[in-house]
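# Descriptive analysis of the structure
Here is what each chain is made of, one letter per residue.
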Amino acid sequence: MNIKDQATKMDSIVAQGAIVDAVKQFFADNATTSDYNGLATANKQEMVQKMEGFAGAIANVNGITHHNTIVDGNLSASEFTFDFNMKDDSKIYWHEIIRRNWNDKGEVIREEYFNAQ
């Protein structure tokens, strides 16, 4: 499986704001995640639930910018800026690096988020 193609496809979906769809399409069932706030998920279903809850809390997408992606073997790193107004009147502005480990089937098996601010 061509990991560069898979990463490009996934990043394109994320950049359109369809984050839940990206997880559903590209995550392996046993995929795990962790972020720089200490939150983790243990499988695809937990990540889908987390992202559905997050997406449902967004009032307005001010912008999602995909800056670039690098791929080395079964690892990819994608740089994004996310700018959201939330339904609770808070604002989210994340500039982050998303590191993904991919399996030989082209599925994400590990995703980690790093603060790039």
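Our structure's up above, just so we're on the same page.
Residues numbered from 1 in each chain as written. Predicted model: local features only at pLDDT ≥ 70, side-chain atom pairs only at ≥ 80, totals over all residues. Heavy atoms only, no water.

What follows covers the side chain of N85. Within the secondary structure layout, N85 lies in strand β4 (residues 75–86). At a separation of 3.1 Å, a polar atom in the side chain of N85 contacts the side chain of N62. In this view, N85 contacts I58, A59, N60, N62, S90 and K91; residues no more than four positions away in its chain are not counted. (Helix = DSSP H or I, 4+ residues; strand = E, 2+ residues; numbered from the N terminus. Polar contact = N/O pair within 3.5 Å; in protein donor to acceptor, adjacent residues only side chain to side chain. Contact = heavy atoms within 4.5 Å.)

Along the chain, K50 falls in helix α3 (residues 44–56). Apart from the residues lying within four places of it in its own chain, the contact partners of K50 are D35, L39 and T41.

In this structure, M10, F27, M51, F54, F82, F84 and W102 are the most contacted members of the largest nonpolar core, which totals 27 residues. For this core, the secondary structure elements donating two or more residues are α1 (3–15), α2 (19–26), β1 (27–34), α3, β3 (58–72), β4, β5 (91–102) and β6 (108–115). (Core = buried A, V, L, I, M, F, W, Y, C linked by side-chain atoms within 4.5 Å. Buried < 20%, exposed > 50% of the residue type's maximum accessible area, 1.4 Å probe, protein only.)

Strand order in the open sheet made by the six strands is β2-β1-β6-β5-β4-β3, with mixed pairing throughout. The open sheet has two edge strands with one neighbour each: β2 (40–41) and β3. Pairing between β3 and β4: 12 bridges, direction antiparallel. Its bridge partner being in β4, N68 is matched across the sheet by E79. Contacts from α2 reach β1, β4, β5 and β6 within the one sheet, and its direction differs from that of β1 by about 125 degrees. Here α3 sits on the sheet in contact with β1, β2, β3, β4, β5 and β6, set at roughly 60 degrees to β1. (Pairing = 2+ DSSP bridges. Axes fitted to C-alpha atoms, helices over the stretch in contact; angles between N-to-C directions.)

Let us look at the pattern of salt bridges. This structure, assessed with the given rule, holds six salt bridges. Residue E52 is joined to K24 by a salt bridge in which the shortest nitrogen-to-oxygen separation is 3.7 Å. With E52 in helix α3 and K24 in helix α2, this pair connects stretches of sequence that are 28 residues apart. For D35, the salt bridge identified is with K50, shortest N-O distance 3.4 Å. (Salt bridge = Lys/Arg side-chain N within 4 Å of Asp/Glu carboxyl O.)

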